[in-house]
Amino acid sequence: MKYVRALTFAAMAGVTIITATGCSVARDQQTVGSYVDDAGITTAVKAKFAEDKTVAATSISVETLNGTVQLSGFAKSQAEKDRAESIARSSKGVREVRNSIVVRP
């Protein structure tokens, strides 16, 4: 099992290196570097949601494009919606947060 994980990691690293030699990826001609940065921001925000007891991480979706975080999904209260936005804003690399979370009791 450890070997499979190591081989998978090595293969992904190789694909990343090969892909990095290209100039852009499909999402609006976004560079590979900014795509990777956006993926890191999304992961960081989701991880902070999972750590926070007041935010239902499974009910809120996070997408990032060029440093702009889009939050969508459902919250049980306005306080949860506000907390999710606050967490996203405080994450490294976030330029803007668009909060489309719907409060639904």
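Model, not experiment: these values are computed from the prediction. (Residues numbered from 1 in each chain as written. Predicted model: local features only at pLDDT ≥ 70, side-chain atom pairs only at ≥ 80, totals over all residues. Heavy atoms only, no water.)

(A) Just the pairing of strand 3 (residues 96–103), in detail. Pairing of strand 2 (residues 68–75) with strand 3 involves eight bridges; the strand directions are parallel. Pairing of Ser-72 across the sheet is with Ser-100, part of strand 3. Following the chain from strand 2 across helix 3 (residues 78–89) to the adjacent parallel strand 3, one finds a crossover that is right-handed. (Pairing = 2+ DSSP bridges. Helix = DSSP H or I, 4+ residues; strand = E, 2+ residues; numbered from the N terminus. Right-handed = clockwise from strand over helix to strand, strands pointing away.)

(B) Representation of the packing of aromatic side chains. Counting across every chain of the model gives zero aromatic pairs. Here Arg-104 stacks its cationic end above the ring of Phe-74, 3.8 Å away from the centre of that ring. (Phe/Tyr/Trp six-rings, centres within 6.5 Å; stacked < 30°, edge-to-face > 60°. Lys NZ or Arg CZ within 6 Å of the ring centre and 35° of its normal.)

(C) Local environment of the packing of helix 2 (residues 32–51) against helix 3. Following both chains from N to C, one finds helix 2 and helix 3 inclined at 135 degrees, their axes separated by 9 Å at the closest point. By the angle between their axes, helix 2 is oblique relative to helix 3. Regarding helix 2 and helix 3, the two cross each other, and that crossing is right-handed. In this structure, helix 2 uses Val-45, Lys-48 and Phe-49 to contact helix 3, whose residues at the interface are Ala-84, Ile-87 and Ala-88. Looking at the contact of helix 2 with helix 3 residue by residue, the classes come out as five nonpolar, no polar and one charged. (Axes fitted to C-alpha atoms, helices over the stretch in contact; angles between N-to-C directions. Parallel < 35°, antiparallel > 145°, perpendicular 65-115°, else oblique. Left-handed = near helix turned anticlockwise from the far one by under 90°. Contact = heavy atoms within 4.5 Å. Nonpolar A, V, L, I, M, F, W, Y, C, P; charged D, E, K, R; others polar.)

(D) Inspection of the nonpolar core at higher detail. Within the largest apolar cluster, 15 residues are counted, with the highest numbers of intra-cluster contacts made by Phe-49, Val-69, Leu-71 and Ala-84. When residues of this core are traced back to their parent elements, those giving at least two are helix 2, strand 1 (60–65), strand 2, helix 3 and strand 3. Discounting chain neighbours no more than four positions away, the residues touching Val-69 are Ile-41, Val-62, Glu-63, Thr-64, Ala-88, Val-94, Glu-96, Val-97 and Arg-98. (Core = buried A, V, L, I, M, F, W, Y, C linked by side-chain atoms within 4.5 Å. Buried < 20%, exposed > 50% of the residue type's maximum accessible area, 1.4 Å probe, protein only.)

(E) Quick peek at helix 2. Taking 1.5 Å per residue, 20 residues should reach 28 Å; helix 2 reaches 29 Å between its end C-alpha atoms and fits that length. Among all positions of helix 2, only Val-32, Ser-34, Asp-38, Ile-41, Thr-42, Val-45 and Phe-49 are buried. (Expected span 1.5 Å × (residues − 1).)

(F) Spotlight on the pairing of strand 2. Here six bridges tie strand 1 to strand 2, and the two strands are oriented antiparallel to one another. Each residue of the ladder has a partner; that of Glu-63, found in strand 2, is Gln-70. Here strand 1 folds back onto strand 2, and the loop between the two strands holds two residues, one of which, Asn-66, carries a positive phi near 55 degrees.

(G) Looking closely at the side chain of Asp-38. Within the element layout of this structure, Asp-38 appears in helix 2. On the accessibility criterion, Asp-38 (3% relative accessible area) is buried. Within polar-contact distance, the side chain of Asp-38 engages the backbone nitrogen of Gly-67 at 3.0 Å. (Polar contact = N/O pair within 3.5 Å; in protein donor to acceptor, adjacent residues only side chain to side chain.)

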